[in-house]
Amino acid sequence: MQKDQILEVNKDNYEKLYATKSNFLQYPANWVIGFYNTYLKTNIPTGKILDYGFGSGNNSVYLMERGYDVYGTEVTETALGMLEQNLRDRRLEKKVDGKFLIFPADNISLPFADNYFDVILSNQVLSYLSSEEHIKNVCAELKRVLRPGGAVFFTLVGDKNYLISKYTKNVSGKVHEVVLDGHRMSDFYQYIYVVDGENDLKNLFSDFTCLHVGHFDIDVLEGSNFHWIYIGKKE
């Protein structure tokens, strides 16, 4: 499958999920809370944050409530409805006019000045890009809009994740075609870029200085949800 087709398939699947609110998250990810408590609160206690692939806005809202000026990008129009609900529930809707933007799935360029953000967060998003080249091109643009000394926090699917170990149908390079036959989301399929290990992760994000490589791995009935965690900074 061509790279642009991979992007459109992943986008369309998430449009469907978000339209039915099947993936509506109201609470921040535990690993994002951990990043705030162990790093941001001490090292970057205020500033502008870009939530690259904001989804339902659950992590954005958490960071807004802690005083950050949060912006977001997405490729799915339907994500805006979930974001707006999360904002209404916390009475934050007046704080985000024009800050949460929708772009085409193959977009790389961002409409922000050089060195604009203090922190860039991308939680479970970069794995759905179409190739190593695409991820690196996106990272170069993220680096451009991040100030020197600013931090990045990325999470990506690892090969221990049950989606990869149980539901991979075809593999092209590091891109796995995942078809959820017999799963609770049985009409859902996606293409996922899978990182091989710690060295592969560091190479992928070589635009940044690595501060920490970790992971999260929670197994509740379905199997491991293993994701790599990468924390870095711009020199």
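Every value quoted in this text rests on a predicted model; they were computed, and no experiment measured them. (Residues numbered from 1 in each chain as written. Predicted model: local features only at pLDDT ≥ 70, side-chain atom pairs only at ≥ 80, totals over all residues. Heavy atoms only, no water.)

Visitor: Would you mind showing me how to read helix α2 (residues 30-43) here?
Guide: Note on helix geometry: an α-helix contains 3.6 residues per turn, so any two residues three or four positions apart are oriented the same way. The terminal C-alpha atoms of α2 lie 19 Å apart, and with 14 residues this matches the ideal 20 Å at 1.5 Å per residue to within 8%. Along α2, the largest kink reaches about 40° and is centred on Y36. Among the residues of α2, those classed as buried are W31, V32, F35, Y36, Y39 and L40. Along its buried surface, α2 packs onto β1 (48-52), α3 (58-64), β4 (117-123), β5 (146-157), β9 (209-216) and β10 (227-233). (Helix = DSSP H or I, 4+ residues; strand = E, 2+ residues; numbered from the N terminus. Expected span 1.5 Å × (residues − 1). Bend = angle between axes of the 7 residues up to and from the residue. Buried < 20%, exposed > 50% of the residue type's maximum accessible area, 1.4 Å probe, protein only. Contact = heavy atoms within 4.5 Å.)

Visitor: I tried to follow the pairing of β5 on my own but got confused; where do I start?
Guide: Consecutive residues of a regular strand have side chains that alternate between opposite faces of the sheet. Within β5, nine of the 12 residues are buried, which leaves it mostly tucked inside the rest of the structure. Sheet topology places β4 next to β5; six bridges connect them, and they run parallel. By the bridge assignment, I120 is partnered in β5 with V152. Handedness of the crossover is the feature at issue here: the chain leaves β4, passes through helix α5 (residues 132-145), returns alongside β5, and the resulting connection is right-handed. As paired strands, β5 and β10 are joined by seven bridges and run antiparallel to one another. Across the sheet, the residue bridging to V152 is G232, located in β10. (Pairing = 2+ DSSP bridges. Right-handed = clockwise from strand over helix to strand, strands pointing away.)

Visitor: How should I be thinking about the packing of aromatic side chains in this particular structure?
Guide: Geometry of an aromatic ring pair is reported as the spacing of the ring centres plus the angle between the planes. Following the criterion strictly, the structure yields 21 aromatic pairs and no others. When the ring of Y14 is compared with that of Y128, the centres are 5.7 Å apart and the planes differ by 70°; the resulting orientation is edge-to-face. With Y14 in helix α1 (residues 3-19) and Y128 in the loop between β4 and α5, this pair connects stretches of sequence that are 114 residues apart. Each member of the pair, Y14 together with Y128, is buried. (Phe/Tyr/Trp six-rings, centres within 6.5 Å; stacked < 30°, edge-to-face > 60°.)

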